[in-house]
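Descriptive structure summary
Listed below, chain by chain, are the residues.
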Amino acid sequence: MTIKGLAPVMRILRREYEKKQAPVAELVQARTSDPFQVLVATILSARTLDQTTAQACRRLFKVVRNLNDLQRIPRERLSRLIYPVGFYRTKAKLLKQLPRAVTQYFNGVIPGTVEDLIRLPGVGRKTANLVVAVAFNKPAICVDTHVHRICNRWGLIRTRTPLETEMALRRRLPLKYWREFNACLVSFGQSVCRPISPHCGVCPLRAYCRRVGVMTALG
Ligand code: SF4
């Protein structure tokens, strides 16, 4: 697959995506465009099922609506509110460090660029890109394990790490696809192009995929 041939692929992915529930950060955005809530939801969603994250967010945002609330809440109570998201104790500890860091570096305002966001505790490039795209509605490419794996399977890029994938996509992917790329590929990667035993036999992208060509040639 080439970048030039991506238009029909994106049309198919969009159609498939509309049949599924949106990822948690986008669900939060549907209720509020508050960067604080999108950032917290994205931090909580790491290594956690979307449904579990969504339930934890519902509990948490009834009590913690902004950085001031987060500063005041005791860490133990925060842990209980977000339980059972993955690594909930570590995430509670990192979330408690957020208000001070945002005040210290950004005058109390959640920043809207990847370079600034990654200065905050618990925020890596994946989270930062997602927050920029979802909360600030700006072009950003969030590369997680699904995006990295699928782009390489397609033959769109050849990279060894998610960071290399992000940089390659930043260079080559048309800007108009940036914001939707993660949501479409995560949904597709969870349902069809799974990490182990992808469902190539029923895949709507068979005709475009390098992996199928290689498997056919291997016979
Ligand atoms: S054909 Fe297989 S490897 Fe290629 S995109 Fe579809 S599921 Fe993934």
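Residues numbered from 1 in each chain as written. Predicted model: local features only at pLDDT ≥ 70, side-chain atom pairs only at ≥ 80, totals over all residues. Heavy atoms only, no water.

**As for the site of the ligand**
Put simply, the rule reads: Near, as used in this document, describes a residue that has one of its heavy atoms within 4 Å of the molecule or strand being considered. In this text, helices come from DSSP runs of H or I with a minimum length of four residues, and strands from runs of E with a minimum of two, each type numbered from the N-terminal end. Residues are grouped as follows: Ala, Val, Leu, Ile, Met, Phe, Trp, Tyr, Cys and Pro are nonpolar; Asp, Glu, Lys and Arg are charged; all remaining types, including Gly, are polar.
In the vicinity of the ligand, the residues found are R153, W154, F188, C193, P198, C200, C203, C209, R211 and V212. For the shell around the ligand, the secondary-structure elements that each account for two or more residues are α10 (145-154) and α13 (210-218). Tallied by class, the residues present in the shell around the ligand amount to 8 nonpolar, no polar and 2 charged.

**Quick word on the packing of aromatic side chains**
Let me state the cut-off plainly: Each Phe, Tyr or Trp ring, with Trp reduced to its six-membered ring, pairs with another whose centre is within 6.5 Å; inter-plane angles below 30 degrees give stacked pairs, above 60 give edge-to-face pairs, and intermediate values give tilted ones. Each residue is placed in one exposure class: buried if its accessible area under a 1.4 Å probe, protein chains only, is under 20% of its type's maximum, exposed if it is over 50%, and partly exposed if it falls in between. Charges are assigned to positions over rings by a cutoff of 6 Å between ring centre and Lys NZ or Arg CZ, combined with an angular limit of 35 degrees from the ring normal.
Counted under the stated rule, the structure contains 2 aromatic pairs. Aromatic pair Y83 and Y88: ring centres 4.9 Å apart, planes at 80°, arrangement edge-to-face. Residue Y88 is classed as partly exposed on the basis of its relative accessible area, which comes to 22%. Judged by centre distance (6.0 Å) and plane angle (70°), the ring pair of Y105 and F106 falls under edge-to-face. A relative accessible area of 38% means that Y105 is categorised as partly exposed. One Lys or Arg, R119, reaches over the ring of Y105 and ends 4.4 Å from the middle of that ring.

**Describing the side chain of N182**
Rules: Under this definition, polar contacts are N or O atom pairs within 3.5 Å; protein pairs additionally need one hydrogen-donor-capable and one acceptor-capable atom, and for neighbouring residues in sequence, both atoms have to be side-chain atoms. A contact between two residues is defined here by any heavy atoms of the two lying within 4.5 Å.
Within the fold, N182 resides in helix α12 (residues 178-191). Separated by 2.9 Å, the side chain of N182 and the backbone oxygen of C142 make a polar contact. The residues contacting N182, other than those within four sequence positions of it, are L130, C142, D144 and V147.

**Looking at helix α9 (residues 125-135)**
For α9, the buried fraction is high: 9 of the 11 residues fall into the buried class. Taken together, the buried positions of α9 are occupied by T127, A128, N129, L130, V131, V132, A133, V134 and A135. Of the residues trailing α9, N137 is marked for its positive phi of about 55°.

**What to know about the pattern of salt bridges**
The condition that has to hold: Salt bridge, as used here: a side-chain nitrogen of Lys or Arg that lies within 4 Å of a carboxyl oxygen of Asp or Glu.
For the coordinates displayed, the defined rule picks out 6 salt bridges. When the shortest N-O distance is used, the salt bridge between R72 and D69 registers 3.2 Å. Here D69 and R72 lie together in helix α5 (residues 67-72), a separation of 3 residues that amounts to about one turn. With a shortest N-O distance of 4.0 Å, E76 and R89 are connected by a salt bridge. In this pair, E76 sits in helix α6 (residues 75-82) while R89 sits in helix α7 (residues 88-106), placing the two residues 13 residues apart along the sequence.

**Here's the deal with the nonpolar core**
Our working rule: In this text, buried Ala, Val, Leu, Ile, Met, Phe, Trp, Tyr and Cys residues form a nonpolar core when linked through side-chain atoms within 4.5 Å.
Among the nonpolar cores identified, the biggest contains 39 residues, and L60 and L120 are the most heavily contacted of them. Of all the secondary structure elements, the ones that give two or more residues to this core are α3 (35-45), α4 (50-63), α5, α6, α7, α8 (114-117) and α9. Beyond its immediate stretch of four places on either side in the chain, L120 contacts L39, L98, A101, V102, F106 and P111. If you look at the next biggest cluster of nonpolar residues, it comprises 32 residues, including L6, L13, A183 and C209.

**Considering the domain arrangement of the protein**
To keep things clear, this is the line we draw: Segment limits for the domains were obtained from an automatic or database-derived domain assignment. In short, buried area is how much 1.4 Å probe accessible area vanishes from two parts on joining, totalled over both.
Segmenting the protein into domains produces domain 1 (6-20 + 141-218) and domain 2 (34-135). For domain 1 versus domain 2, the distance between C-alpha centres works out to 28 Å. With 10 residues of domain 1 at the contact, the number on the domain 2 side is 7 residues. Roughly 650 Å² is buried in total at the junction of domain 1 and domain 2, and carbon and sulfur atoms are behind 51% of that figure. At the junction of domain 1 with domain 2, the criterion picks out 1 salt bridge. In this structure, E166 engages R125 in a salt bridge whose closest nitrogen and oxygen atoms are separated by 2.7 Å. Taken together, the links from domain 1 to domain 2 amount to 5 residue pairs in polar contact (both at pLDDT 80 or more). Among the elements of the structure, α11 (162-172) and α12 are those that each provide at least two residues to the side of domain 1 that touches domain 2.

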